[in-house]
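Residues per chain are reported as follows:
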Amino acid sequence: MTAENAPVADNLDDDDYPAYTMGRAADVLGTTPAFLRAVGETGLITPLRSDGGHRRYSRRQLRVAARARELVDQGTPVEAACRIVSLEDQLDDALRANRELRRKLDGRGSDS
């Protein structure tokens, strides 16, 4: 079942459900649709397209775009801000994987 065909109640807590239109997403972020298009052009977020071709954004994508906006508001160019956010996400993933591997190794050492 696609996100568009799932019952609405099932989507209320789904951070990846594309519930926001471009206009609503821009309002929530306090920015313009042009900013969202620019962030999308960098590949930082990829909104789902409706059957009519309109962009739809999830809450997770809005959080990512909001972080990029913080950097832009501090004077960072959009492209650089998007790259920074992307690198921050990669670092978080690497640190999480490192912690998990350390936990597994620590658990293995105590089994001996």
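Predicted, not measured: the structure shown is a model, and the values here were computed from it.

### Here we look at the pattern of salt bridges
On inspection of all chains with the given rule, the structure shows eight salt bridges. A salt bridge links arginine 59 to aspartate 15; its shortest N-O distance comes to 3.1 Å. Taken together, the residues arginine 59 in helix α4 (residues 59-73) and aspartate 15 in the loop between α1 (8-11) and β1 (20-21) connect sequence positions 44 residues apart. The exposure class assigned to arginine 59 is partly exposed, which follows from its relative accessible area of 29%. Classification of aspartate 15 as partly exposed rests on a relative accessible area of 22%. One continuous salt-bridge network, built from bridges that share partners, spans Asp15, Arg59 and Arg63.

### What about α4?
For α4, with 15 residues, the first-to-last C-alpha span of 20 Å sits near the 21 Å given by 1.5 Å per residue. Among all positions in α4, only Gln61, Leu62, Val64, Ala65, Ala68 and Leu71 are buried. Glycine 75 sits one or two positions beyond α4 and adopts a positive phi of about 105 degrees.

### Observations regarding the packing of helix α2 (residues 22-29) against helix α3 (residues 33-41)
Between α2 and α3, whose axes approach to 8 Å, the crossing angle comes to 100 degrees. In terms of orientation, α2 lies roughly perpendicular with respect to α3. Two secondary-structure elements touch here, α2 through Met22, Ala25, Ala26 and Leu29 and α3 through Pro33, Leu36 and Arg37. Along the lines of polarity and charge, the residues of the contact of α2 with α3 split into six nonpolar, no polar and one charged.

### Let's talk about the sheet that holds strand β3 (residues 55-57)
Within the open sheet, the three strands sit side by side as β1-β3-β2. Their pairing is antiparallel. The outermost strands of the open sheet, each flanked by one partner alone, are β1 and β2 (48-49). One ladder, built from two bridges, connects β1 with β3; its direction is antiparallel. Counted as the bridge partner of threonine 21 is arginine 56 from β3.

The rules behind the values
- Residues numbered from 1 in each chain as written.
- Predicted model: local features only at pLDDT ≥ 70, side-chain atom pairs only at ≥ 80, totals over all residues.
- Heavy atoms only, no water.
- Salt bridge = Lys/Arg side-chain N within 4 Å of Asp/Glu carboxyl O.
- Helix = DSSP H or I, 4+ residues; strand = E, 2+ residues; numbered from the N terminus.
- Buried < 20%, exposed > 50% of the residue type's maximum accessible area, 1.4 Å probe, protein only.
- Expected span 1.5 Å × (residues − 1).
- Axes fitted to C-alpha atoms, helices over the stretch in contact; angles between N-to-C directions.
- Parallel < 35°, antiparallel > 145°, perpendicular 65-115°, else oblique.
- Contact = heavy atoms within 4.5 Å.
- Nonpolar A, V, L, I, M, F, W, Y, C, P; charged D, E, K, R; others polar.
- Pairing = 2+ DSSP bridges.

In short, geometric facts, not functional conclusions.
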